[in-house]
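Architecture at a glance
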2 protein chains.
Amino acid sequence: MCLTPLERAAKYAVRSPRFAKVTPNHLAYFQSVLDKPCSTSQRKGKMLTDAEAIAPFNLDWMRQVQGSAPAVLMPTCTAHVSKILKYCQAERLAVVPQSGNTGIVYGSEPVHDELVLCTHLMNAKPVVSKNTMSVEVEAGVILQQCQEACAKEGLLFPLMMGSKGSSMIGGNVSTNAGGIHFARYGSMHSNVLGVEVVTAKGDVLNLMSTLRKDNAGYDLKHLFIGSEGTLGVVTRAAIQLYPYPKSKQLAMFRLMNFESVLELYQLANSHLAECLSAFEVMDGESLAMSPAKEVPYERTSKNDVFRMGRDFTSAYFCVLVETNGSNEEHDFDKLSGFVEAAQTKLGDQLSGGGQYEPILSQSASQTEQLWALREGVPVHLSSSGLIYKYDVSFPTDKFYGIVEYTREMLYRQHKMNPDEVIVVGYGHFGDGNVHLNIIDLTRSHGKQLDAALYPAVYEYCAKHDGSISAEHGVGMQKRDYLHLSRTKEAIQLMRDLKTMMDPNGILNPYKVLPLE
Amino acid sequence: MCLTPLERAAKYAVRSPRFAKVTPNHLAYFQSVLDKPCSTSQRKGKMLTDAEAIAPFNLDWMRQVQGSAPAVLMPTCTAHVSKILKYCQAERLAVVPQSGNTGIVYGSEPVHDELVLCTHLMNAKPVVSKNTMSVEVEAGVILQQCQEACAKEGLLFPLMMGSKGSSMIGGNVSTNAGGIHFARYGSMHSNVLGVEVVTAKGDVLNLMSTLRKDNAGYDLKHLFIGSEGTLGVVTRAAIQLYPYPKSKQLAMFRLMNFESVLELYQLANSHLAECLSAFEVMDGESLAMSPAKEVPYERTSKNDVFRMGRDFTSAYFCVLVETNGSNEEHDFDKLSGFVEAAQTKLGDQLSGGGQYEPILSQSASQTEQLWALREGVPVHLSSSGLIYKYDVSFPTDKFYGIVEYTREMLYRQHKMNPDEVIVVGYGHFGDGNVHLNIIDLTRSHGKQLDAALYPAVYEYCAKHDGSISAEHGVGMQKRDYLHLSRTKEAIQLMRDLKTMMDPNGILNPYKVLPLE
């Protein structure tokens, strides 16, 4: 059954009776566990119960879901986590693992009175090895700190994303985080070499390894990568690193239609191949809220943008193409050749009749400016009105269909006014990962949009070989739509796995799997 | 408990009483299933029961394990496979899935009277998409045919290995096959976008997808990649493709010691970075059996090689460095720069006092010759005597230790004669994947070697952060050593998974998981 966000909220108002309520006795036990110092760092764990101190742990990043955990448990070592989960499984106490809490699908905060198991104090200095080109890192280390530790040794950590300053490795691994360099370096399933996990039963599963090839039995780490903390808590990970790129190049293109974007992408693969590191697309409408001075060509006026969006197709598309490589001269040469080939092949589709020539960044500061345009898009959109964000994916040739569909549905079927409600699409084209955003500029159409968008957008994904979740996971937000992207046999197997590994369902309840 | 191969053979002589014997009634049922034409191709399946026809399906590639399957079932579609497995699960009939049957760990042939479920007739033409840069391919398609279908569209299939002419996609996916381009393009876990699987219970699990990013629930495909057909039968897969390289370059080096190999590898990563596609190492001893005319410099004489092997360290190391890229001029430029840097940094360690200069291949035919040297190594070794082959992996800095350890053990501890038994190491250095080979030139020390090598070699792996199986899997050959690479908690979870997904244990029994 599909619910609107409001119906869903009502449904989740019901706390599952299978879980025990946390008592002072339980808390005393947790305190006794956390008071034992970690055997390596000698640091004691912590328990927070003060209402003010635990408030931030009870709230999601989007400020939509507010839980009421009575305590936040902050272990400093795997042994703490193991003891806590063994006890919680036996006592039927619900637990939500939390690291950076930057997710946007309501996956890492309590829905009711689950205990928060917070990894913040598990943050020993990452151990980088040049020999094995890998890093071993604890769950509570901030992504950016990990990136910097690797860069110091001349190595690149493969994950890069906007939330790098606050998201943490434990969550990155548990949610199979994607980001802007996914197309080049691959997913966490590709890059995680080993993990240490505490299962929902409290068993420590040591699957740590820095080996590249290791086919000794079932590769269990994949059970914990992307299962959003519902099967186990990732406490450590070993992750593959890459040579740090010595050269970064960037070009920006303005294209007349989506077909040209697809052609440009194929040219990029052919000309840039091994050094292509990002291919980001923004439709003209998604730039409408960005300050004109940030857009490096005469931007179509807001009204023009809206008028064109009304015809369902986009006014234009803006594309950022980035290369990462080991030789600046070679990379610049490749990128110039690519731009030339694009001009020859796409002609007026690309230049707008000579009005908009491609921009080949000439300096680090220009590169920064152009990336700022892309990074500014979600920021400017969010501040313009009530926003509905969808993180979905499609085969690349179907990347833009969902934006056109949503416009048609809202403007034609639901007679909404394109001057009040705009529909935009941007995202990681190389991964087929489109961020569909609907912005209610008047902040007054929420109820109508709720009814129109749910479950229509997700149903469109199902019908067009897409996924309801590209990189952000399922959490609580998408769990009742999971059947649109997964068959009933697949969902049954997920349930069987969950039941086998977490018999009392204590770990991150209300998330990922639909209620039965 | 660890067994020598002989003890193991005795143990496996016992057929599990839990399985029913195949009766004429069973065969009649299978025939009725296979007589229904596939709904898409209209092709009927086949059943072989003639002794001569089924003989090749009963024998492993190394001709070491000989089963006695009474029938080979050859479905043409997933519906056939589903009906067969549902029936076998209900009737407690043991089944071994088989595609190319090129594995060397005794994983894909019957041990006793298991039925063979052969995928050979599931071989529709691969569907290559330039838009999504992926191929959808059935289990029975031969690897090379799949590679060629992709190459026709200007795309590279990421898996490349010696058995390409006979191994098949179903087995490639089920065993997480590695090969020579693993370091560049990654594992099957990285490259498989979707699979269709029939579970051991006979349910069809449609996880097909060409999406790059898809975080909708647990990523179940990883359960079937590398589990060697013990949890389900892969019937189809969608696999990620890459731009076909326009330029391939090759260089060969001769180095005085292992430390220099490690330094050369770090230089290669720094200079070649994104275009490095292979870094293969052969020790001097592994070239001793290759015809002198194939070795492109004055080869150390056989006796000298053996004498040096007696000192445990190698006489010398030979390294092949390959690049794949999109621009010949750039790649050649990078490779030349790398060779120059290596000469400056490694000096005499590399040139042998000016005697052996690095070779930069000048033509496609020279490249072929140099690769032939590497590919000839296992062939020449195998034909020289009784051979013991180990496919193990280590962190790169510990790559060669196992060769030195094995020499010390055999020559010092077991007083074996280095003129009769030689110990060599070669392999995929970038993946830490060393092929340790022990060759009994007299073919008379088998019993002594059995006792000396098992379980000593695998125990060495365990003690030095290595894996008992790098790329060849576990099969029947390594199952009793699995505990050396995996903790008891991990093995228990593997067992729990197996029991949950295959309650009667009918699918590929006697393989991967140790007997309890």
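None of these values were measured; they are calculated from a predicted model. (Residues numbered from 1 in each chain as written. Chains lettered and ligands numbered in written order. Predicted model: local features only at pLDDT ≥ 70, side-chain atom pairs only at ≥ 80, totals over all residues. Heavy atoms only, no water.)

**As for the overall build of chain A**
Put simply, the rule is: Helix and strand labels come from DSSP, where a helix needs a run of H or I of at least four residues and a strand needs a run of E of at least two; each type is numbered from the N terminus. Radius of gyration: C-alpha atoms only; globule rule: 2.2 Å multiplied by the number of residues to the exponent 0.38. Between buried and exposed lies partly exposed: a residue is buried under 20% and exposed over 50% of the maximum accessible area for its type, with that area taken using a 1.4 Å probe on protein chains only. The contact criterion used throughout is that any non-hydrogen atoms of two residues lie within 4.5 Å.
Along chain A, the regular secondary structure elements total 18 helices and 18 strands. Taken against the 2.2 N^0.38 rule, which gives 24 Å for 516 residues, the C-alpha radius of gyration of chain A at 24 Å falls within 12% of a compact globule. Taken over the C-alpha atoms alone, chain A extends approximately 75 × 55 × 45 Å along its principal axes. The buried share of chain A, taken over its 516 residues, is 64%. Relative to all contacts within chain A whose residues are 6 or more apart in sequence, the contacts with residues 24 or more apart total 74%.

**Quick look at the relation of the copies chain B and chain A**
In plain terms, the rule: Superposition of the copies used a least-squares fit over C-alpha atoms from residues whose pLDDT is at least 70 in both.
Superposing chain B onto chain A takes a rotation of 180° combined with a translation of 0.0 Å along the rotation axis, leaving an RMSD of 0.0 Å. Overall, the copies show the geometry of a two-fold rotation axis. The position closest to the rotation axis in chain B is occupied by the C-alpha of S190(B), lying 2.3 Å away. Comparing contact sets, 100% of the residues at the interface of chain B also lie at the interface in chain A, consistent with an isologous, same-surface contact.

**Brief notes about the UniProt feature "domain: FAD-binding PCMH-type" (unreviewed entry) in chain A**
Stated precisely, the cut-off is as follows: UniProt positions are given in the numbering used here, feature names are shortened, and annotations may be inferred rather than shown by experiment.
With numbering aligned to this structure, UniProt lists the feature "domain: FAD-binding PCMH-type" (unreviewed entry) at residues 65–244 of chain A. Structurally, residues 65–244 of chain A is divided into 23% helix and 24% strand, and its ends, taken at the C-alpha atoms, are 39 Å apart.

**Observations regarding the domain arrangement of chain A**
Residue and element names in this part refer to chain A. For clarity, the threshold we go by: All the domain ranges listed were derived from an automatic or database domain assignment. Here the quantity called buried area is the accessible surface, traced with a 1.4 Å probe, that two parts lose on coming together, added over both. The term salt bridge refers to a pairing of a side-chain nitrogen on Lys or Arg with a carboxyl oxygen on Asp or Glu at a separation within 4 Å. Between N or O atoms, a polar contact is any pair within 3.5 Å; within protein, one atom must be a potential hydrogen donor and the other a potential acceptor, and residues adjacent in sequence are included only when both atoms are from side chains. Classification used: nonpolar for Ala, Val, Leu, Ile, Met, Phe, Trp, Tyr, Cys and Pro, charged for Asp, Glu, Lys and Arg, polar for all others including Gly.
Once the domains are mapped, chain A shows domain 1 (5–118), domain 2 (127–243) and domain 3 (247–463). Here the C-alpha centroids of domain 1 and domain 2 sit 23 Å apart. Contacts between domain 1 and domain 2 engage 12 residues on the former and 19 residues on the latter. A buried area of about 1,200 Å², summed over both sides, lies between domain 1 and domain 2, and 62% of it is on carbon and sulfur atoms. Scanning the region where domain 1 abuts domain 2 turns up one salt bridge. Of the charged contacts in the structure, one is a salt bridge between D203 and K86, with a shortest N-O distance of 3.7 Å. Taken together, domain 1 and domain 2 are joined by four residue pairs in polar contact (both at pLDDT 80 or more). It is helix α4 (residues 78–91) that provides the largest number of residues to the side of domain 1 that touches domain 2, a total of six residues. Among the residues making up the side of domain 1 that touches domain 2, the classes are represented as five nonpolar, six polar and one charged.

**Here we look at the sheet that holds strand β4 (residues 115–118) of chain A**
Hydrogen bonding along the main chain pairs the strands of a sheet, whether they run parallel or antiparallel. All names here are of chain A. Threshold: Any two strands with at least two DSSP bridges between them are considered paired. Note on definitions: angles span 0 to 180 degrees between N-to-C directions of axes, and those axes are lines fitted to C-alpha atoms, for helices only across the stretch in contact.
Taken in spatial order, the four strands make up an open sheet running β1-β2-β4-β3, and their pairing is mixed. For this open sheet the edge positions go to β1 (46–48) and β3 (95–98), each flanked by a neighbour on one side alone. Between one strand axis and the next, the sheet turns through 20° on average, direction left out of account. Across four bridges, the pairing between β3 and β4 is parallel. Bridge pairing in β4 places V96 opposite V116. Against the sheet, helix α2 (residues 24–34) contacts β1, β2 (72–74) and β4, and its axis sits at roughly 150° relative to β1. Strands β2, β3 and β4 of the sheet are contacted by α4, whose axis makes an angle of about 160° with β4.

**Structural notes on helix α12 (residues 328–346) of chain A**
Our working rule: A helix is expected to span 1.5 Å multiplied by its residue count minus one.
The end-to-end C-alpha distance of α12(A) is 26 Å, a good match for the 27 Å that 19 residues give at a rise of 1.5 Å each. The complete set of buried residues in α12(A) reads H330(A), D331(A), K334(A), L335(A), F338(A), V339(A), A341(A), A342(A) and L346(A). On the buried face of α12(A), the contacting elements are β12 (247–255), α10 (258–272), β14 (317–325), α13 (348–351) and β15 (359–360) of chain A together with α12 (328–346) of chain B. The N-terminus of α12(A) is capped by N327(A), whose side-chain oxygen sits 3.1 Å from the backbone nitrogen of E329(A). Phi turns positive one or two residues past the end of α12(A), at G347(A), with a value near 45°.

**So, the pattern of salt bridges**
On inspection of all chains with the given rule, the structure shows 32 salt bridges over all chains. A salt bridge links K213(A) to E471(B), with the shortest nitrogen-to-oxygen separation between them at 2.7 Å. Of the two residues, K213(A) sits in the loop between β9 (204–207) and α9 (221–224) while E471(B) sits in the loop between α17 (456–463) and α18 (488–501), which places them in two different chains. You'll find K213(A) and E471(B) in the same group, each marked buried. If you follow the salt bridges from partner to partner, you end up with E136(A), E196(A) and R236(A) in one network.

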